[in-house]
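Overview (structure and organization)
Below, each chain spelled out in residue letters.
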Amino acid sequence: MYQLSTTTAIVLLLAFYGITFLMSLSIGEKKENVDGYMVSNSSIGFGMSAASMTATWIWAASFYAAASSGYKYGLSGALHYGFWGALMILFIYPFGRRFRALAPQAHTLAEIMHARHGRSSQLILAGSNILGSCISLMVNFTAAGTLVDMLTPLSFIQGVVLAGLGVLSYTLWSGFRSSVMTDFGQLIAMILAAVIIIPMIYFTLGGSELFVEGIHRLTPEQASFFSKTAFLEQGAPYFVAVLAYAIGNQTIAQRLFAVREDLIKPSFITATIGYGSIVIGLGMIGVLALLAGIEPMDGDLNNLIPQMASTYLPPFMIGMFFIMVLGSLSSTADSDLAALSAIVMTDIYGKNIAKGKPKASTMLWVGRMTMIVATVVGVVFASLKLDILTMLIFVGALWGTIVFPVIASLYWPRVNNFAFTGAVLAGFAMFLVVRFGWLPMEGAVGIFFELLSSVGGGVVIGLMAFGFLGRTAGLIAGTLAMAAMLPLSLNFLRDYPVLLSSLTAYGVSTLVCVGLSLRNQKRFNFDRIAERVVAFQRSPH
């Protein structure tokens, strides 16, 4: 395996982060506007918005976990990861248009929940967003450490610290605007590198002959584009998880609130196509490794991508690969920092500590301190070296408990704070029971949770149909999906705890939310949301 020299690695790191830092300086303002710091005054155009959305979601997991999925599950593994991940971006745009219509000047989704329900619902959503962004930050710094450790003489910890300092350096001053500006350049670098690197590895391994000579290494499931194992263990859990990401993750919501309202649809559709194309290609690197009979170093699938690059690419291309991965994880890490700062500025300080009357200078100070603390936390926890794909599915499943309550709260006037809070807490509790095996999934207990998961499956399909086709189509699709799942899930889904726990979270939270809301006879006036969610600072002065 070839390694870059220490000098070369440091030069590449300094060049990459130095250029992004200079880019951020070009948009810096002496008196930063609070709203601009969080959502760029909701005025980002089509090209920058689509590029930022794509770059943000082509993150460490897109490289490492996509390749891991391709290596573990074969041909369909790579497709599952890229396709469902792209669907997540597409899924939010119809609901995003509703969010923007109700609250044109929103900064976070939790802020809208505060206007809709009050403090407890807001803090539940904000807390889940903070947890998710911190884990995402940790995952990206872990990927940076792995990359540096394998491709250079520097250590894992040194790579984590350098990436943390680099991302913080260009994001700290201008916040979200820096993240969007640098995303554009990082995406261009990633696309150019991917277009060159993936075909080069393919031809170095033998091109089309690799499929002829290596097909015997694949099991029948790995050789199938319609693998049942891949769908139940990877595709379906990830499908459920990414739908929750579309609602639960502040980084995507932040871009939704930042893009011009009339450009939401084209921006999200373009990002969907771009993400899916690139990530499916990255997942195929794992399939190539499987065909070639390559074993991941130390048995760690996270090592697969850098191992393939250092073994089958010439030195110059290894340098390009280094920049490509660095760009992908940095574009998401800076988005996580911007998201965390917006949540703490708006939902912790602005709405709760300052009671809706915050000082602009204090808000900016809070946002920047949040970035510093979050970077330290991400660096410290990155040393745990947790499996990226597992973390991704786990967080997504947790967010599954909030999907229906959030969407229902912004369409159905009978949903109240008690229904929202009760639904989320109940769904979360039942998720934990299944995911960690606190009860044996046998007999009546197993059937009970499989019935709940069938409801969850109907909810997932119904929400998707509702977003694109309306309420009637959503109800019909959800009911048919639930009816189809019922006979298939009994005495079956218990063997797939990841999928069972994810669908249970959806099913329980939906049943509780609907049940408690039906008891409420009061109707909420949605016009109040726009009155309560306003800009914090109307001008830079």
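Summary of the structure given here. Quick caveat, the model's predicted, so the values are computed rather than measured.

Notes on the overall build of the chain
Of the regular secondary structure elements, the chain holds 22 helices and 0 strands. In terms of C-alpha radius of gyration, the chain reaches 23 Å, essentially the compact-globule figure of 24 Å for 541 residues. If you line up the chain on its principal axes, its C-alpha atoms span 70 × 65 × 40 Å. Taking all 541 residues of the chain together, the buried fraction comes to 60%. Considering only contacts within the chain whose residues lie at least 6 apart along the sequence, 86% involve residues at least 24 apart. Within the structure as shown, the chain displays about 20000 Å² of accessible surface, and the carbon and sulfur contribution to it stands at 69%. Distance from the positive charge centre (30 side chains) to the negative charge centre (24 side chains) of the chain: 17 Å.

Some remarks on unusual backbone geometry
Here Asp298, not a glycine, exhibits a phi torsion of approximately 60°, which is positive. Take Asp298: it is sitting in the loop between helix 13 (264-292) and helix 14 (304-312). Under the relative-accessibility criterion, Asp298 is labelled exposed at 74%.

Topic: the packing of aromatic side chains
Enumeration according to the criterion identifies 13 aromatic pairs in this entry. Centre to centre, the rings of Phe95 and Tyr411 are 6.2 Å apart; their planes meet at 85°, and the pair counts as edge-to-face. Of this pair, Phe95 sits in helix 5 (residues 75-102) while Tyr411 sits in the loop between helix 17 (388-409) and helix 18 (417-435), and the two are 316 residues apart along the sequence. Classification of Tyr411 as partly exposed rests on a relative accessible area of 30%. Each residue in the set Phe91, Phe95, Tyr411 and Phe466 is aromatic and connected to the rest through ring pairs, giving one cluster. Between the NZ or CZ atom of Arg98 and the centre of the ring of Phe526, over which it lies, the distance is 5.2 Å. Here the basic side chain of Arg368 rests over the ring of Trp173, its NZ or CZ set 3.9 Å away from the ring centre.

Quick notes on the packing of helix 12 (residues 250-258) against helix 15 (residues 315-353)
Axis separation between helix 12 and helix 15 bottoms out at 9 Å; the angle between their running directions is 80°. What the angle tells us is that helix 12 and helix 15 run roughly perpendicular. Every residue of helix 15 that contacts helix 12 at Gln250, Thr251, Gln254 and Arg255 is listed here: Ser335, Asp336, Ala338, Ala339, Ala342 and Ile343. Partitioned by chemical class, the residues of the contact of helix 12 with helix 15 number 4 nonpolar, 4 polar and 2 charged.

Details of the environment of Ile264
By the secondary structure assignment, Ile264 is in helix 13. Once residues lying within four places of it in the same chain are set aside, the contact partners of Ile264 are Tyr93, Gly96, Arg97, Arg100, Leu256 and Val259.

Remarks on helix 20 (residues 471-489)
The end-to-end C-alpha distance of helix 20 is 26 Å, a good match for the 27 Å that 19 residues give at a rise of 1.5 Å each. When helix 20 is considered as a whole, its buried residues turn out to be Gly474, Gly478, Ala481 and Ser489. In an axial view of helix 20, the angular spread of the buried residues amounts to 70°, which keeps them on one side of the axis. Exposed residues pointing more than 90 degrees away from the buried face of helix 20 are listed as Thr472, Leu475, Leu480 and Pro487. Lining the buried residues of helix 20 we find helix 19 (443-469).

Side note on the side chain of Arg100
Its location among the elements puts Arg100 in helix 5. A polar side-chain atom of Arg100 sits 2.6 Å from the main-chain carbonyl oxygen of Val259.

A few points about the pattern of salt bridges
Applying the stated criterion to the full structure yields 3 salt bridges. Asp183 is the partner of Arg255 in a salt bridge, and the nearest nitrogen-oxygen pair spans 3.3 Å. Here the residue Arg255 occupies a position in helix 12, and Asp183 occupies one in helix 9 (residues 176-204), the gap between them amounting to 72 residues. Accessibility assignment for this pair places Arg255 and Asp183 in one class, buried. Here Asp262 and Arg260 are joined by a salt bridge, their closest N and O atoms 2.7 Å apart. Judged by its relative accessible area of 52%, Asp262 falls in the exposed class.

Comments concerning the packing of helix 5 against helix 13
Across the interface, helix 5 lies against helix 13 with an axial gap of 8 Å and an inter-helix angle of 165°. It follows that helix 5 is roughly antiparallel to helix 13 by the angle criterion. Considering the relative orientation of helix 5 and helix 13, their crossing is right-handed. Its residues assigned to classes, the contact of helix 5 with helix 13 comprises 19 nonpolar, 6 polar and 3 charged.

A closer look at the nonpolar core
Within the largest apolar cluster, 170 residues are counted, with the highest numbers of intra-cluster contacts made by Ile112, Phe321 and Ile529. Per-element tally for this core: the top contributor is helix 15, with 17 residues. Not counting residues up to four positions away in its chain, the partners in contact with Ile529 are Leu102, Ala103, Ile112, Ala115, Arg116, Leu410 and Phe524.

Some remarks on the environment of Leu290
By secondary structure assignment, the location of Leu290 is in helix 13. Each C-alpha atom of the pair Leu290 and Ser341 lies 41 Å from the other, and the pair is 51 residues apart in sequence.

Criteria and cut-off values
- Residues numbered from 1 in each chain as written.
- Predicted model: local features only at pLDDT ≥ 70, side-chain atom pairs only at ≥ 80, totals over all residues.
- Heavy atoms only, no water.
- Helix = DSSP H or I, 4+ residues; strand = E, 2+ residues; numbered from the N terminus.
- Rg over C-alpha atoms; globule rule 2.2 N^0.38 Å.
- Buried < 20%, exposed > 50% of the residue type's maximum accessible area, 1.4 Å probe, protein only.
- Contact = heavy atoms within 4.5 Å.
- Areas by Shrake-Rupley, 256 points an atom, 1.4 Å probe, with all protein chains shown as cover.
- Lys, Arg positive; Asp, Glu negative; His and termini not counted.
- Charge placed at Lys NZ, Arg CZ, Asp CG, Glu CD.
- Phe/Tyr/Trp six-rings, centres within 6.5 Å; stacked < 30°, edge-to-face > 60°.
- Lys NZ or Arg CZ within 6 Å of the ring centre and 35° of its normal.
- Axes fitted to C-alpha atoms, helices over the stretch in contact; angles between N-to-C directions.
- Parallel < 35°, antiparallel > 145°, perpendicular 65-115°, else oblique.
- Nonpolar A, V, L, I, M, F, W, Y, C, P; charged D, E, K, R; others polar.
- Expected span 1.5 Å × (residues − 1).
- Arc of directions from axis to C-beta.
- Polar contact = N/O pair within 3.5 Å; in protein donor to acceptor, adjacent residues only side chain to side chain.
- Salt bridge = Lys/Arg side-chain N within 4 Å of Asp/Glu carboxyl O.
- Left-handed = near helix turned anticlockwise from the far one by under 90°.
- Core = buried A, V, L, I, M, F, W, Y, C linked by side-chain atoms within 4.5 Å.

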